[in-house]
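Given next are the chains, with one letter for each unit.
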Amino acid sequence: MTELEKKQKAIIDHYGVDKQLDMLVEECAELIQAIQKYKRYKDIPGEGKAFDNLIEEIADVENIIDQIKLLKLYDPVMARVDIEEIKAKKVRRQLERIALEKLAEAGFKD
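So, how was this worked out
- Residues numbered from 1 in each chain as written.
- Predicted model: local features only at pLDDT ≥ 70, side-chain atom pairs only at ≥ 80, totals over all residues.
- Heavy atoms only, no water.
- Helix = DSSP H or I, 4+ residues; strand = E, 2+ residues; numbered from the N terminus.
- Expected span 1.5 Å × (residues − 1).
- Core = buried A, V, L, I, M, F, W, Y, C linked by side-chain atoms within 4.5 Å.
- Buried < 20%, exposed > 50% of the residue type's maximum accessible area, 1.4 Å probe, protein only.
- Contact = heavy atoms within 4.5 Å.
- Patch = residues over 30% accessible without salt bridge, like charges linked within 9 Å, V, L, I, M, F, W, Y side chains within 5 Å.
- Areas by Shrake-Rupley, 256 points an atom, 1.4 Å probe, with all protein chains shown as cover.
- Salt bridge = Lys/Arg side-chain N within 4 Å of Asp/Glu carboxyl O.
- Lys, Arg positive; Asp, Glu negative; His and termini not counted.
- Charge placed at Lys NZ, Arg CZ, Asp CG, Glu CD.

A. Here's a closer look at helix α1 (residues 3-15). Between its first and last C-alpha atoms α1 spans 19 Å; for 13 residues at 1.5 Å apiece the expected length is 18 Å, and the two agree. Backbone geometry just after α1 places Gly16 at a positive phi near 90°.

B. View of the nonpolar core. In terms of nonpolar packing, the biggest core is built from ten residues, these being Ile12, Leu24, Leu31, Ala34, Leu54, Val61, Ile64, Ile68, Leu71 and Met78. At the level of secondary structure, the elements contributing two or more residues to this core comprise α2 (17-41) and α3 (48-69). Ranked by the residues each element gives to this core, the list is headed by α3, at four residues. Dropping the residues within four chain positions of it, Ile64 is found in contact with Gln20, Met23, Leu24 and Glu27.

C. Expanded view of α2. Under the 1.5 Å per step criterion, the end-to-end length of α2 is 35 Å for 25 residues, consistent within 8% with the ideal 36 Å. Among the residues of α2, those classed as buried are Gln20, Leu24, Glu27, Leu31 and Ala34.

D. Summary view of a positive patch on the surface. A cluster of basic residues, Lys89, Lys90, Arg92, Arg93 and Arg97, forms a positive patch on the protein surface. Locating Arg97 in the fold gives a position in helix α5 (residues 83-109). Take Arg97: its relative accessible area is 40%, and that puts it in the partly exposed class.

Right, here's the structure in full:
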C-alpha cells in the first residue's frame, strides 16, 4: 500500500463509508458546477481559474473514489467487485457504440 493509500484508508476509517459516500455526492455536485463554469469561461483570455478549479474538483472526487476502492482490501463485499474489469467492459462497449455510430454516419454520407 502506498503512503497516499494509507492516508486515504485512515480518512475513510475515521469518517466511515456512509459519510464518505455523502461527501462523494457533494464533491460530484461541485465537479458538475466546475465543468459548467469551465465550459462557459474556457475561451475567455486570462480565465485559467475555471480550469484550475475543474482540476481541483476532479482531484477531490478521485480522492474519495480511491478511498472507497480501498474497501476492497478489507471489506468482503467489496473484495468480490473488480472495478477495473467493469471499467474495461464499459470502455469496450462504448467503443463498439462509436464504431456503430461511424458506420451509420458513413451510410448516410454515401
